Amino acid sequence: MSNTTEVTEGQLRRALGLPSLVLFGLVYMVPLTVFTTYGIVTQTSGGRLPLAYLVTLAAMVFTARSYARMAVAYPVAGSAYTYTQKSFGAPVGFLAGWSLMLDYLFLPMINYLVIGIYLEAAFPAVPAWIFILIAIAIVTVLNIVGIVSVARANFVIIAIQAIFIVTFLVLACSKVFGLGTVDLAAPFTGDGTAPGFSPIFAGAAILCLSFLGFDAVSTLSEEAKDPKRTVPQAIMIATVVSGLIFVVLSYLGQLVFPSNEFADVDSGSLDVMVTAGGQFLETFFTAAYVAGALGSAITSQASVARILYAMGRDGILPRSIFGYVSPRYSTPVYAILVVSVVSLLAVVIDLATMASLVSFGALVAFSVVNLSVIKHYYVDKRERAGAQVIGSLVLPLIGFLLTVWLWTSLSGLTLIIGLCWLAVGFVWLAGVTRGFQQPTPVLDMKE
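Think of each chain on its own: its residues are numbered from 1, step by step along the sequence as written. Only residues with pLDDT of at least 70 are given local features in this predicted model, and only at 80 or more are side-chain atom pairs given and counted; all residues enter the totals for whole chains, interfaces and linings. In computing side-chain values, all of the structure's heavy atoms are included and hydrogens and water are not.

Going by the annotation in an unreviewed UniProt entry, the name recorded for the protein chain is Putrescine importer PuuP, with Mycolicibacterium wolinskyi given as the source organism. UniProt positions are given in the numbering used here, feature names are shortened, and annotations may be inferred rather than shown by experiment. Per UniProt, the protein chain has the following entry under Sequence similarities (unreviewed entry): "Belongs to the amino acid-polyamine-organocation (APC) superfamily." As stated in UniProt under Subcellular location (unreviewed entry), the record for the protein chain gives "Membrane".

Written out as structure tokens, the structure reads:
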């Protein structure tokens with residue numbers, strides 16, 4: 001199999017600047033996702049949700065930096081798949097990309113399912129599956145039409161969430177000031193129900209899912225203007241900005257509703273909304289959250305389609321399907337359609353199962369990218385003089401150790417399913433390489 005075969009039907013178009021890339025990362029992470037696990041982590045951490053977010057942000061910054069450094073070294077589509085492939089070889093790169101697909105394939109489904117749940121609650125006469133199918137159709141069309149349409153949709157969705165966030169901040173501050181004496185340190189000191197640092201770390205492990213998205217920016221490297229500069233900047237900006245938004249929103253939320261006794265812990269954020277702004281804010285929150293979930297579905301489907309495209313262009317997946325780029329739209333149309341078909345599982349699968357699998361793929365990707373920085377810069381390029389040791393060895397090693405620590409929070413079932421997924425990938429790789437007798441197809445770096 002030739003390693004220089006190129007897809008001639010079309011090429012990805014460079015159309016995204018730094019603002020669009022940052023918006024892509026922010027929409028992918030969904031600023032309002034802080035309220036998704038609000039009740040659960042508030043109880044887990046003993047009323048110290050913003051402190052748990054600070055711990056998670058600290059851990060994610062190290063890994064985000066590793067993604068940024070690898071995006072400079074290899075400004076092409078493929079994210080962790082490409083970085084690992086170039087650092088450790090094509091077989092390891094394939095397995096990293098295969099694990100990452102588990103993360104990306106389930107993220108759109110989670111968003112579709114959440115959209116169905118919230119809209120069915122608002123319109124009980126319409127079953128959730130209808131809303132799910134409509135959402136899949138909208139997202140698929142936007143992704144096929146082109147990455148510029150996705151960027152435009154991102155702007156609208158971020159604007160809606162920004163308006164809600166400002167509204168919430170104003171109403172929450174008004175509520176807090178009207179309460180009289182308020183312990184402003186309470187969200188960091190806790191309510192005494194879960195003392196010690198262990199609950200903080202347990203909550204932080206759950207919250208790492210809130211940051212899934214900074215790595216998605218790197219999948220757009222071949223559609224970014226000046227990718228060696230803009231993609232690393234966008235990765236770091238999106239990570240830090242999202243983390244600060246999570247901290248501020250959770251801090252005000254716990255000041256407004258200083259209790260972990262929710263009517264329903266899974267929807268504990270609704271207690272906060274009603275307390276801060278009554279029925280109006282609760283309704284506004286539902287609308288903004290659904291819009292955010294739709295935006296996250298758009299960006300997550302765009303990302304996984306481009307990972308499939310990179311693997312199809314390599315020949316590790318069928319090139320005629322996954323390596324195809326539409327001449328008309330300059331997008332990987334067939335890969336997008338495959339993701340849409342897989343997303344139909346959102347109609348029949350439950351949220352708990354999907355959520356438990358996302359963290360496995362994400363943490364595999366985070367781990368190998370941190371190691372890729374060490375391999376590429378410290379080992380291969382021998383950047384070991386003075387401060388280079390810190391950037392090429394110490395910081396990515398810290399990022400790797402932190403992701404390994406987060407692995408300890410995964411359930412046994414998650415590990416079993418994740419390892420089974422890896423085993424399937426290994427068998428597929430063995431078949432493609434005819435029992436490893438032939439080399440694994442690799443990415444053609446010519447653009």
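A. Layout of the overall build of the protein chain. Along the backbone of the protein chain there are 16 helices and zero strands. Principal-axis analysis of the C-alpha atoms places the extent of the protein chain at approximately 70 × 55 × 40 Å. Burial classes follow relative accessibility: with a 1.4 Å probe on protein chains only, a residue under 20% of its type's maximum area counts as buried, one over 50% as exposed, and anything between as partly exposed. Per-residue burial over the protein chain gives 55% buried out of 447 residues. Here the open area of atoms and residues is found with the Shrake-Rupley method and a 1.4 Å probe, where only the protein chains shown may cover a residue. Summed over its atoms, the accessible surface of the protein chain is roughly 17,300 Å², and 70% of this surface lies on carbon and sulfur atoms. Asp and Glu count as negative and Lys and Arg as positive, but His and the ends of the chain are not part of the count. For charged residues, the charge sits on one atom: NZ in Lys, CZ in Arg, CG in Asp, CD in Glu. Looking at charge distribution, the protein chain has the averaged site of its 21 positive side-chain charges lying 15 Å from that of its 21 negative ones. The secondary structure listing takes helices from DSSP runs of H or I that are at least 4 residues long and strands from runs of E that are at least 2 residues long, numbered from the N terminus.

B. Structural context of the pattern of salt bridges. Throughout this description, the term salt bridge denotes a Lys or Arg side-chain nitrogen within 4 Å of a carboxyl oxygen of Asp or Glu. Under the defined criterion, the tally for this structure stands at two salt bridges. The salt bridge involving R69 is made with E383; its shortest N-O contact spans 3.4 Å. Of this pair, R69 sits in helix 3 (residues 49-73) while E383 sits in the loop between helix 14 (351-380) and helix 15 (388-407), and the two are 314 residues apart along the sequence. The residues R69 and E383 share a single accessibility class, namely buried. Across the pair D380 and K375 runs a salt bridge whose closest N-O atoms are separated by 3.0 Å.

C. How the structure looks around a nonpolar patch on the surface. Like-charged residues are merged into a patch within 9 Å and nonpolar side chains (Val, Leu, Ile, Met, Phe, Trp, Tyr) within 5 Å, provided each residue has over 30% relative accessible area and no salt bridge. Taken together, the side chains of W129, L133, V341, L344, L345, V347 and V348 present a nonpolar region at the surface, about 640 Å² in accessible area. Mapping L133 onto the fold places it in helix 6 (residues 128-145).

D. Representation of unusual backbone geometry. Even without being glycine, S330 reaches a positive phi, approximately 60°. Within the secondary structure, S330 sits in the loop between helix 12 (319-322) and helix 13 (333-343). Even without being a glycine, R382 presents a positive backbone phi close to 55°. Looking at where R382 falls in the secondary structure, it is placed in the loop between helix 14 and helix 15. Residue R382 is classed as exposed on the basis of its relative accessible area, which comes to 56%.

E. Representation of the nonpolar core. Definition used in this section: a nonpolar core is a set of buried Ala, Val, Leu, Ile, Met, Phe, Trp, Tyr and Cys residues joined via side-chain atoms within 4.5 Å. If you look at the biggest cluster of nonpolar residues, it comprises 123 residues, and the most contacted ones within it are F35, Y67, F164 and F168. The element that contributes the greatest number of residues to this core is helix 11 (residues 268-314), accounting for 19 residues. Between two residues, a contact is recorded if the distance between any of their heavy atoms is within 4.5 Å. Those residues in contact with F164, other than ones at most four positions away along the chain, are L32, F35, M273, L281, F284, F285 and A288.

F. A look at the packing of aromatic side chains. Aromatic rings from Phe, Tyr and Trp, taking only the six-membered ring of Trp, are treated as a pair when their centres fall within 6.5 Å; an angle between ring planes under 30 degrees marks them as stacked, one over 60 as edge-to-face, and anything in between as tilted. Scanning the entire structure with this criterion turns up 21 aromatic pairs. Taken together, a centroid distance of 4.5 Å and an interplanar angle of 15° make the contact between Y324 and Y334 stacked. Within this pair, whereas Y324 is found in the loop between helix 12 and helix 13, its partner Y334 is found in helix 13, the two being separated by 10 residues in sequence. Look at F426 and F436: their rings are 5.4 Å apart centre to centre, the planes differ by 40°, and that puts the pair in the tilted class. Here F426, found in helix 16 (residues 412-432), pairs with F436, found in the segment after helix 16; they are 10 residues apart in sequence, far enough to count as distant.

G. Looking closely at the environment of V394. Position of V394 among the secondary structure elements: in helix 15. Assessed through its relative accessible area of 34%, V394 is described here as partly exposed. Separated by 261 residues in sequence, V394 and L133 have C-alpha atoms that sit 47 Å apart.

H. Geometry of helix 15. With 20 residues, helix 15 extends 28 Å between its outermost C-alpha atoms, agreeing within 8% with the 28 Å of an ideal straight helix rising 1.5 Å per residue. Residues of helix 15 that are buried: G391, S392, P396, G399, T403 and L406. Take the residue count of a helix, subtract one, and multiply by 1.5 Å to get its expected span.

I. Geometry of the side chain of T403. Tracing the sequence through the fold places T403 in helix 15. At a separation of 3.2 Å, a polar atom in the side chain of T403 contacts the side chain of S367. If near-sequence neighbours (up to four positions away) are discounted, T403 is found in contact with T63, L363, F366, S367 and N370. Polar contact is the term for a pair of N or O atoms within 3.5 Å; when the atoms are in protein, one must be able to donate a hydrogen and the other to accept it, and sequence-neighboring residues count only if both atoms are side-chain atoms.

J. Structural view of the environment of A121. On the secondary structure map, A121 appears in helix 5 (residues 90-122). The sequence separation of A121 and D380 amounts to 259 residues, and the corresponding C-alpha distance is 55 Å.

K. Representation of helix 4 (residues 80-88) in the model. For helix 4, the buried fraction is high: seven of the nine residues fall into the buried class. Every buried residue of helix 4 is accounted for by A80, Y81, T82, Y83, T84, Q85 and S87. A positive backbone phi angle near 105° is found at G89, which sits one or two residues after helix 4.

L. Main features of the packing of helix 4 against helix 5. Lines fitted to the C-alpha atoms define the axes, with helices restricted to the stretch that makes contact. Angles between their N-to-C directions range from 0 to 180 degrees. Where helix 4 contacts helix 5, the axes come no closer than 7 Å and their chain directions differ by 160°. Relative to helix 5, the element helix 4 is oriented roughly antiparallel. At the point where helix 4 passes helix 5, the crossing takes the right-handed sense. Between helix 4 and helix 5, the contacting residues are A80, Y81, T84, Q85 and F88 on the first element and A90, V92, G93, F94, A96, G97 and L100 on the second. Split into classes, the residues belonging to the contact of helix 4 with helix 5 amount to eight nonpolar, four polar and no charged. Angular relationships are summarised with four words: roughly parallel below 35 degrees, roughly antiparallel beyond 145, roughly perpendicular across 65 to 115, and oblique for the angles in between. Crossings are assigned a handedness: left-handed for a near helix turned anticlockwise from the far helix by less than a right angle, right-handed for a clockwise turn. Note on residue classes: Ala, Val, Leu, Ile, Met, Phe, Trp, Tyr, Cys and Pro are nonpolar, Asp, Glu, Lys and Arg are charged, and everything else, Gly too, is polar.

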